[in-house]
Amino acid sequence: MKKIISVVGARPNFIKIAPIHKAFLKYKSSIHHLICHTGQHFDTKMSSVFFDELEIPKPDFSLGIGGGSHAEQTARIMMAFEKILLQEKPDMVIVPGDVNSTLAASLTAVKLHIPVAHVEAGLRSFDRDMPEEINRILTDEISDLLFVTAKSGMENLRKEGMAASRMFFTGNVMIDSLVHYLPKIEQSDILSTLGIKKQKYILSTFHRPSNVDHPERLQKILESMKRLATSLPIIFPIHPRTRNNIKDFGLENILPDSVILLEPIGYIDFLALTKEAALVMTDSGGIQEETTFMGVPCITVRNNTERPITCEAGTNFLAGQDYTKAVDKAFEILSGNPKKGTIPKGWDGKAASRIVDIIVSHLNA
Ligand code: UDP
């Protein structure tokens, strides 16, 4: 029996690991797949709701490490995870995404000579001010197996000198979860609960430090939402970081009633809201991919994207941090000029199965 530990810490990680856990079930007589939750995101709305809705079993290990600076968080996860690795001696560690838990767990594992598989390897924004970009570059460099979601990821890794034998273009596990839960997403009653109609609202999320950690930028975002909400109501499920900053910067009075502020929403309802929105405006990574898959127009309010395929093939438009331009573009789309997109190769609901097959044959080699 081989033992594998997957390490998750934050909301997008849970969505990526759920299909991998399900795919391992077909090997349950030969692979023991365990889950370690670092605790980076810990409250019900950012964490346990995803375990419940995505049918991920209760974590086998909970490190309980939330909060703190980047260095504190990374170091504390490493110290706690090292103890688990020494005790469990797994044959492999899987890390999805680009959060501090991803880097902390991969670094701890390689130093103990435990092979690491990185799910969602090769993404690059080429913006080293983003903490996620540092986590991606370093995790890819030290991982044994690199599972890539899009062609650009393969090119990025090649340019960084990664051996072809480590790289696998397996597709997008984020889309696996979406495909798997689509029947439930289509049955969600969140629209009637909120009193909104299909195509008659905008969905928005903001949480990237480059947007929400600067008082003037956050103020401009809220003011542009106010302008945009003159067209259609905006549903704004707010990330805890953004909510705290709005309060700390004294910006509570900008948003009108037509911007409906909500707590973070569970996965099924959030995807239902995405699917039926006239438009999504965001700075999220995962949401760029989900809107492309569902053919929903998306405006990404960032200067770069590590997911260029969503702009090249999909429905995403990169507006930069020019908030006026973003809203102008939104008005253009809403006036009946949406971008048509196609679904990228490998975004077919079967990525996790391909990944797990490769891992199993690697471990048996
Ligand atoms: N999401 C959710 N509820 C919300 C906001 C987001 O379920 O209120 C889901 C959505 O599927 C999204 C994922 O969480 O793709 C990751 O979100 P986030 O924007 O936090 O992370 P990123 O992808 O930017 O790292």
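Residue numbers restart at each chain and count upward from 1, following the sequence in its written direction. This being a predicted model, a pLDDT of at least 70 is required before a residue's local features are given, and a value of 80 or more before pairs of side-chain atoms are given or counted; all residues contribute to the totals for chains, interfaces and linings. Calculated side-chain values reflect all of the structure's heavy atoms, with hydrogen atoms and water omitted.

Colleague: Could you give me a rundown of helix 2 (residues 44-53), with the residues and numbers involved?
Modeller: Here's how the labels work: a residue is buried when its accessible area is under 20% of the maximum for its type, exposed when over 50%, partly exposed in between, all with a 1.4 Å probe on protein chains only. To qualify as a helix, a DSSP run of H or I must reach at least 4 residues; to qualify as a strand, a run of E must reach at least 2; elements of each kind are numbered from the N terminus. Here helix 2 has its buried residues at Met 46, Ser 47, Val 49, Phe 50 and Phe 51. Only heavy atoms matter for contacts: two residues are in contact if any of them lie within 4.5 Å across the pair. Its buried side turned inward, helix 2 meets strand 1 (2-8), helix 1 (11-24), strand 2 (31-37), helix 11 (240-248) and helix 12 (267-276). Within two residues after helix 2, Glu 55 carries a phi angle of roughly 55°, on the positive side.

Colleague: Run through the side chain of Thr 38, naming residues and quoting values.
Modeller: Relative to the helices and strands, Thr 38 resides in the loop between strand 2 and helix 2. Judged by relative accessible area, Thr 38 falls into the buried class, the value being 0%. In the analysis that follows, any N or O atom pair within 3.5 Å is treated as a polar contact, provided that within protein one partner can donate a hydrogen and the other can accept it, and provided that, for residues neighboring in sequence, both atoms belong to side chains. A distance of 2.8 Å separates a polar atom in the side chain of Thr 38 from a polar atom in the side chain of Ser 101. What Thr 38 contacts, discounting residues up to four positions off in sequence, is Val 7, Val 8, Gly 9, Leu 63, Gly 64, Ile 65, Ile 77 and Ser 101.

Colleague: Can you lay out the packing of helix 7 (residues 173-187) against helix 12 for me, pointing to particular residues and giving the numbers?
Modeller: To obtain each axis, a line is fitted to C-alpha atoms, and for helices this fit is confined to the stretch in contact; angles are then taken between N-to-C directions over 0 to 180 degrees. Relative orientation of the contacting elements helix 7 and helix 12 amounts to 85°, with a least axis distance of 9 Å. Relative to helix 12, the element helix 7 is oriented roughly perpendicular. The residues of helix 12 that touch helix 7, namely those facing Met 174, Ser 177, Leu 178, Tyr 181, Leu 182, Lys 184, Ile 185 and Glu 186, are Tyr 267, Ile 268, Leu 271, Ala 272 and Lys 275. Across the contact of helix 7 with helix 12, the residue classes tally to nine nonpolar, one polar and three charged. Roughly parallel here means an angle under 35 degrees, roughly antiparallel means over 145, roughly perpendicular means 65 to 115, and every remaining angle is called oblique. Amino acids are sorted into nonpolar (Ala, Val, Leu, Ile, Met, Phe, Trp, Tyr, Cys and Pro), charged (Asp, Glu, Lys and Arg) and polar (every other residue, Gly among them).

Colleague: Tell me about the pattern of salt bridges, and name the residues and values.
Modeller: Any carboxyl oxygen of Asp or Glu within 4 Å of a side-chain nitrogen of Lys or Arg constitutes a salt bridge here. Counted according to the given criterion, the structure contains 20 salt bridges. A salt bridge links Asp 357 to Lys 26; the shortest N-O distance between them is 3.2 Å. Placement of Asp 357 in helix 16 (residues 351-364) and of Lys 26 in the loop between helix 1 and strand 2 is noted, with a sequence separation of 331 residues between them. The class of Lys 26 is exposed, set by a relative accessible area of 54%. With a shortest N-O distance of 2.8 Å, Asp 348 and Arg 354 are connected by a salt bridge. The class of Asp 348 is partly exposed, set by a relative accessible area of 34%. Taking relative accessible area as the criterion, Arg 354 reaches 29% and is therefore assigned partly exposed. One connected set of salt bridges, linked through shared partners, spans Lys 16, Asp 98, Glu 120, Glu 133, Arg 136, Glu 289, Arg 302, Glu 306 and Arg 307.

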